[in-house]
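# Analysis of the macromolecular model
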Amino acid sequence: MNNPQSSATDSNAQTQESELRPSPLSVAEARRAEAVGRHIVLKGWVRTRRDSKAGFSFIEINDGSCFGNVQVIADSHLPNYESEIKRLSPGCSIAVTGSVKASPGKGQATEVQAAEVAVLGTADVESYPLQKKGHSLEFLRTIAHLRPRTNTFGAVARVRNCVCNSIHQYFQERGFIYVHTPVITASDCEGAGAMFQVTTLLDKQRSPLPKAPEAENATPAPGLDFSLDFFNRPAYLTVSGQLEAETFACGLGKTYTFGPTFRAENSNTPRHLAEFWMIEPEVAFCDLYGDMELAEGLLKRIFSDVLEKCAEDMQFFNERIDKTVIEILQHVIGSQFLRVSYTEAVDILNSSGQKFEFPTAWGNDLQAEHERYLTEKHFGQPVILYDYPRTIKPFYMRVNDDGRTVRAMDVLVPKVGEIIGGSQREERLDVLEARMREQGLDPAGYWWYVDLRRYGTVPHAGFGLGLERVIQFITGMANIRDVIPFPRTPGNAEF
Ligand code: 4AD
Ligand code: MG
């Protein structure tokens, strides 16, 4: 620093050194034609190794940065060729130093000529579960800790990431405020009674509780006294962030939440999880039609982003999982979602001539078979159903002038069925309180929610998009357990 001349010399030396030093590249970067000629370090997991009689080996490696692998060529005169390189098997982790070359092979722009291959971790050939390709998705669920290394789960994870990014961008570009609603709550939003309880009463070690000294000698169970519990009341894992999101919408205007939600229903179906992620926008001064527009715009934005940014992954889903996914997404992006009232939908089902397991009388909730008939057979595209019977929908939905229906909407898509459920909210204090009582809820228990109608009430609306359901629709993955990293379903919480 004191001597400007010497510092100039130092920086020259540094430049020269950094030109010589190999730059760390991801597999995605190394596969691009622009990488040709670069001296690089590449780290990843071995997918396959093939030895050529001509005195070298081809090692395919992947690091999760993209679907495709990079082919590394390791020459037999590398010092550890016989001792290590020729023993590399699927699952081993390695660091390759070498240079990127244009590849003469088909289907890849580049390959890497290794100057050095360091083995970071071995994977026993006998016991490594992903030694061979082509395992069933059911089997892969039993090794949820290793399935991120497979083509399918790598692709699902990248698509899931892209979808989340797209959702945030969509809302942020429109001025929505991202709100974190609580995971632990005392109120039931959906009224379905399918909540997981959160309690420390069962854990005798943790009693006495800080706020309830009288608990000291209490033996909680079998009749639990929740006034002695951690929150001095029964508490649950949230089924939806909507009620809390409404408080922010009625102050900040346009908001959204994006978080985990929990349902303790005993549903063993390919579309239900006990823990799933939900995106819930909530907008003040918005009615049901505005809500539908927002939902349609969001879905189209997600689909176009995925087709553009995850092209290689989508190609894989289209070839190996469901041959229609790309075409369907392109079609959906280019067409208007239909808007059909519940009553019209029931008429369509009743005159369809189709035999359904569940009856389709007006007033019944629609089942998956009905939703699929409408989107797959009758309309052949996504449909937004609206104005459902008040008796089958929660207390917070706005009652229509007919008194029989509420301003609800569900977005239904082929194969998956409902991916969005939303509504315009009941903003009239008296109607809301009456609806609560009608459903056996005490408005006093929801006093803070009711207050929003007491002070400066406004028309407002929102919806919930099930993240896993939308990923199922995009990828064609038939089972929801395969689009979330660690699925929680009845009897399953191993990983
Ligand atoms: O229709 P739901 O129950 O609506 C609500 O919870 C509202 N409070 C949302 C709102 O208006 N803010 O759930 C919304 C979406 C469904 O359309 C579905 O995509 C998904 O959440 N979903 C599930 N996904 C996986 N497993 C489950 N058990 C799900 N239950 C709902
Ligand atoms: Mg619903």
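Reading guide: rules and limits
- The numbering scheme is per chain: residues are counted from 1 as the chain's sequence reads.
- As a convention, the first chain written is A and the first ligand written is 1, with the rest following in written order.
- Per-residue local features are limited, in this predicted model, to residues with pLDDT of at least 70; the limit for side-chain atom pairs, both in listing and counting, is 80 or more; totals at the level of whole chains, interfaces and linings are taken over all residues.
- The side-chain numbers reported here are obtained from all heavy atoms of the structure, hydrogens and water having been left aside.
- In this analysis, the protein atoms alone were mapped onto a 1 Å grid. Cavities are point sets where a 1.4 Å probe fits without being able to get out; pockets are open sets with protein on both sides within 12 Å along at least five of seven lines; lining residues have an atom within 4 Å of a point.
- Grid points are joined across faces, edges and corners, and a volume is the space filled by probe spheres set on the points.
- Labels follow the DSSP assignment, with helices taken as runs of H or I lasting at least four residues and strands as runs of E lasting at least two, numbered in each case from the N terminus.
- The classification used treats Ala, Val, Leu, Ile, Met, Phe, Trp, Tyr, Cys and Pro as nonpolar, Asp, Glu, Lys and Arg as charged, and all other residues, Gly among them, as polar.
- We define proximity as follows: a residue is near a molecule or strand when any one of its heavy atoms falls within 4 Å of that partner.
- Counted as a polar contact is a pair of N or O atoms within 3.5 Å, where, for protein atoms, one must be capable of donating a hydrogen and the other of accepting one, and residues adjacent in sequence contribute only when both atoms are in side chains.
- Per-residue and other accessible areas follow the Shrake-Rupley method at a 1.4 Å probe size, with only the shown protein chains counted as cover for residues.
- The way we define it, a molecule is inside a pocket or cavity when more than half of its atoms are within 2 Å of that pocket's grid points.
- Only the six-membered ring of Trp is used, alongside the rings of Phe and Tyr, when aromatic pairs are assigned; centres must lie within 6.5 Å, and planes under 30 degrees apart are stacked while those over 60 apart are edge-to-face, with the rest tilted.
- Here's how the labels work: a residue is buried when its accessible area is under 20% of the maximum for its type, exposed when over 50%, partly exposed in between, all with a 1.4 Å probe on protein chains only.
- Should the NZ of a Lys or the CZ of an Arg lie within 6 Å of a ring centre and within 35 degrees of the ring normal, that charge is described as sitting over the ring.

Here we take up the layout of surface pockets. Size it by volume and the largest pocket reaches roughly 1,100 Å³. Around the largest pocket, the lining comprises 44 residues; the ones closest to its centre are E190, R263, E265, K393 and E418. Put simply, the parts of the chain that give the lining of the largest pocket at least two residues each are β12 (275–284), α10 (368–378), β16 (417–424), β17 (460–466) and α13 (467–475). If one sorts the elements of the lining of the largest pocket by residue count, β16 sits on top with five residues. Tallied by class, residues from the lining of the largest pocket come to 20 nonpolar, 10 polar and 14 charged. In this structure, the second largest pocket occupies an estimated 860 Å³ of space.

Around ligand 1 sit 25 residues in total, of which E190, Q242, R263, E280 and E418 are the nearest. Take F463: an N or O atom from its main chain is 3.4 Å from a nitrogen atom of ligand 1. Here G466 contributes a backbone N or O atom positioned 3.3 Å from an oxygen atom of ligand 1. Its free accessible area being 620 Å², ligand 1 has 94% of it covered by the protein chains. With respect to the detected pockets, ligand 1 is housed in the largest pocket. In terms of residue count, the dominant contributor to the shell around ligand 1 is β16 (five residues). Here the shell around ligand 1 is composed, by residue class, of nine nonpolar, eight polar and eight charged.

With that settled, consider the packing of aromatic side chains. Per the stated rule, a full pass over the model turns up 17 aromatic pairs. Measuring from centroid to centroid gives 5.4 Å for Y170 and F171, while their planes differ by 75°, and the two rings are edge-to-face. The residues Y170 and F171 share a single accessibility class, namely buried. Judged by centre distance (5.7 Å) and plane angle (85°), the ring pair of F356 and Y373 falls under edge-to-face. Here F356, found in the loop between α9 (342–350) and α10, pairs with Y373, found in helix α10; they are 17 residues apart in sequence, far enough to count as distant. Each member of the pair, F356 together with Y373, is buried. An aromatic cluster is present here, built from Y170, F171, F176, Y178 and Y256 joined pairwise through their rings. The side chain of R404 reaches across the aromatic face of W362, ending 3.9 Å from its centre. Between R453 and the ring centre of Y449, over which it is positioned, the NZ or CZ distance is 4.2 Å.

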